[in-house]
Amino acid sequence: ARLSALPLKEKSGDSYYCEIKLLGDLYSSGKSLPSYVFATASPSHDTQHERKIVHLRLEVENQLSFIMKGEQAYTLALELGKNEVEDEEDNKCLIAAAVTDLGTN
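Only a predicted model underlies this, so the values are computations on that prediction, with no experimental measurement involved.

Calculation notes
- Residues numbered from 1 in each chain as written.
- Predicted model: local features only at pLDDT ≥ 70, side-chain atom pairs only at ≥ 80, totals over all residues.
- Heavy atoms only, no water.
- Core = buried A, V, L, I, M, F, W, Y, C linked by side-chain atoms within 4.5 Å.
- Buried < 20%, exposed > 50% of the residue type's maximum accessible area, 1.4 Å probe, protein only.
- Helix = DSSP H or I, 4+ residues; strand = E, 2+ residues; numbered from the N terminus.
- Salt bridge = Lys/Arg side-chain N within 4 Å of Asp/Glu carboxyl O.
- Axes fitted to C-alpha atoms, helices over the stretch in contact; angles between N-to-C directions.
- Parallel < 35°, antiparallel > 145°, perpendicular 65-115°, else oblique.
- Left-handed = near helix turned anticlockwise from the far one by under 90°.
- Contact = heavy atoms within 4.5 Å.
- Nonpolar A, V, L, I, M, F, W, Y, C, P; charged D, E, K, R; others polar.

Participant: Honestly, the nonpolar core in this entry has me stumped. Any pointers?
Facilitator: Within soluble globular proteins, side chains that are nonpolar tend to cluster in buried spots. One finds Tyr16, Tyr17, Ile20, Ala73, Leu76, Ala77, Leu78, Leu80, Leu94 and Ala98 forming the largest nonpolar core, which totals 10 residues. A total of 5 residues in this core trace back to one element, the largest contributor, which is helix α2 (residues 48–83).

What follows is the structure, given as structure tokens:
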């Protein structure tokens, strides 16, 4: 799911925050996967050495792009946590969790 396409107004409350934060956790778990998991077809190059270098660079770029989606999700979760006003103590916990994950990502 694209984060930019997620509806912000359809759901409210902790459940939507939890879904977004979980999505961030899933994207962030990409850091523990080997870079070849993110392999794509690379343009042909003259030598095998050039192909390996370009292929590895694309794998790492794709992996970083995947992990950055986790950052976007945590940022959205942080905004959702700030906007929840039902219970101030819960808000502090939601914000703290999102900020911690954002910092570790």
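Participant: Which parts of the structure should I look at to understand the pattern of salt bridges?
Facilitator: If charged atoms from side chains of opposite charge come close, those side chains can pair. The tally for this structure, following the rule as stated, stands at 4 salt bridges. Taking the shortest distance from any N to any O, the salt bridge between Lys21 and Asp25 comes out at 3.9 Å. Taken as a pair, Lys21 and Asp25 lie in helix α1 (residues 14–28) at a separation of 4 residues, close to a single helical turn. A salt bridge links Glu61 to Arg57, with the shortest nitrogen-to-oxygen separation between them at 3.0 Å. Taken together, the positions of Glu61 and Arg57, both in helix α2 and 4 residues apart, correspond to about one turn of that helix. You can call Glu61 partly exposed: its relative accessible area is 40%. Overall, the relative accessible area of 45% leaves Arg57 in the partly exposed class.

Participant: Please clarify how the packing of α2 against helix α3 (residues 88–104) should be interpreted in this entry.
Facilitator: What describes two packed helices is the angle between their axes and the distance between those same axes. In contact at an axis separation of 8 Å, α2 and α3 are set at 165° when each is read in the N-to-C sense. Judged on the interaxial angle alone, α3 and α2 are roughly antiparallel. Here α2 runs over α3; the crossing is left-handed. Contacts from Glu71, Tyr74, Thr75, Ala77, Leu78, Gly81 and Lys82 in α2 reach Asn91, Leu94, Ile95, Ala98, Val99, Asp101 and Leu102 in α3. For the contact of α2 with α3, the per-class residue count stands at 8 nonpolar, 3 polar and 3 charged.

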